[in-house]
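Next come the chains, spelled out residue by residue.
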Amino acid sequence: MSPLPVRRCLSSFAIVGLGLAGCFGGGDTPAFQLDWGLVYIEGQAVSCADAGTKFVDLDVQNLSTKAVFHDRFECQAGGAVGSELPAGPYVVSVRLRDANGGLVSESAPVNLQVSRHARTDLGTVVFHIQSFSLAWSLARNSAAITCAQAGADKVELITQLGEGAPVRFKWPCTDRSGTTTAVSAGSYSVQVRLLDGGGGVLYTSEPMTFPVDDQHRANLPPITFVVK
């Protein structure tokens, strides 16, 4: 069988080895089984926790009876077996969601058959995750300084997609770089701030427009915070 086609949301995914035995092996229960993993756009593996993805949903409908079946699994489980199903033809979708239930990625519906005495293996789902990454440094009078010398505690990235609400990400200043959880494609307004221990602003960048697609990692230009 061919892989499930992808409907792009925050990211895309591929299914590898559809119809082959996955991590769970075979079974005589009529059900769908699958396992999954997450990678950044350029291919580096990422955990569900770091991507901010909480759930994997398996949604199927029996094409003969129109009965709908829904299973939700913890993303960190890495794989699962769905509910026992009556044998027959089904339309199948697999969806990745964040901690709030927001859709991160979904497959386009595909028709598959469930046998009476065997599992139907969806193979390995590989979710491709988009995210912002940012690196920074600090300077005073053209000389490099540390976060402690600047009195800096956090770096805050503020992103806004279209007319949506701003989304804020914070990292310890001493990390010198940070990566966000999964984000959707689109044109963003982006601003970076350097904060002291009380949340006061030591530096604010000018807002910039940054396009995010599903082909290239959203690496923001490195920033140097020039402080007094």
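First, a word on scope: everything that follows refers to the structure included in this document. (Residues numbered from 1 in each chain as written. Predicted model: local features only at pLDDT ≥ 70, side-chain atom pairs only at ≥ 80, totals over all residues. Heavy atoms only, no water.)

## Description of the nonpolar core
The cut-off we apply is this: We call a set of buried Ala, Val, Leu, Ile, Met, Phe, Trp, Tyr and Cys residues a nonpolar core when their side-chain atoms join them within 4.5 Å. Partly exposed residues are those whose accessible area sits between 20% and 50% of the maximum for their type, while under 20% is buried and over 50% is exposed, using a 1.4 Å probe and protein chains only. Secondary structure elements follow DSSP: runs of H or I no shorter than four residues count as helices, runs of E no shorter than two count as strands, and numbering proceeds from the N terminus.
In terms of nonpolar packing, the biggest core is built from 28 residues, with Phe32, Trp36, Leu38, Leu58, Val92, Phe127 and Ile129 touching the most fellow members. Among the elements that line this core, the one with the most residues is strand E3 (residues 32–40), at 5 residues. Counting residues in each nonpolar core, the second largest holds 25 residues, with Leu134, Trp136, Leu138 and Val155 among its members.

## Looking at the packing of aromatic side chains
To be explicit about the condition: Working definition: a ring pair exists when centres of Phe, Tyr or Trp rings (six-membered ring for Trp) sit within 6.5 Å. Plane angles under 30 degrees give stacked, over 60 give edge-to-face, the rest tilted. Cation placement over rings: the criterion is NZ of Lys or CZ of Arg within 6 Å of the ring centroid and within 35° of the ring normal.
Tallied over the full model, the rule gives 7 aromatic pairs. One aromatic cluster is present, built from ring pairs that chain together Phe32, Phe69 and Tyr90. Geometry around Phe55 places Arg72 over its ring, the cationic atom sitting 4.5 Å from the centre. The lysine or arginine in question, Arg217, covers the ring of Tyr40, its NZ or CZ lying 3.9 Å from the ring centre.

## Looking at the layout of surface pockets
To be explicit about the condition: Note on definitions: the grid is 1 Å and covers protein atoms alone; a cavity is a set of points where a 1.4 Å probe fits but cannot get out; a pocket is an open set with protein on both sides within 12 Å along at least five of seven lines; lining residues have an atom within 4 Å of a point. Grid points are joined across faces, edges and corners, and a volume is the space filled by probe spheres set on the points. Polar here means any residue other than Ala, Val, Leu, Ile, Met, Phe, Trp, Tyr, Cys and Pro, which are nonpolar, and Asp, Glu, Lys and Arg, which are charged; Gly is therefore polar.
Estimates place the volume of the largest pocket at around 210 Å³. Lining of the largest pocket is provided by Thr159, Leu161, Ala165, Val167, Phe169, Thr181, Ala182, Val183, Ser184 and Tyr188. Going through the elements one at a time, strand E13 (154–161) and strand E14 (167–172) are the ones with two or more residues in the lining of the largest pocket. A breakdown of the residues in the lining of the largest pocket according to their chemical character gives 7 nonpolar, 3 polar and no charged.

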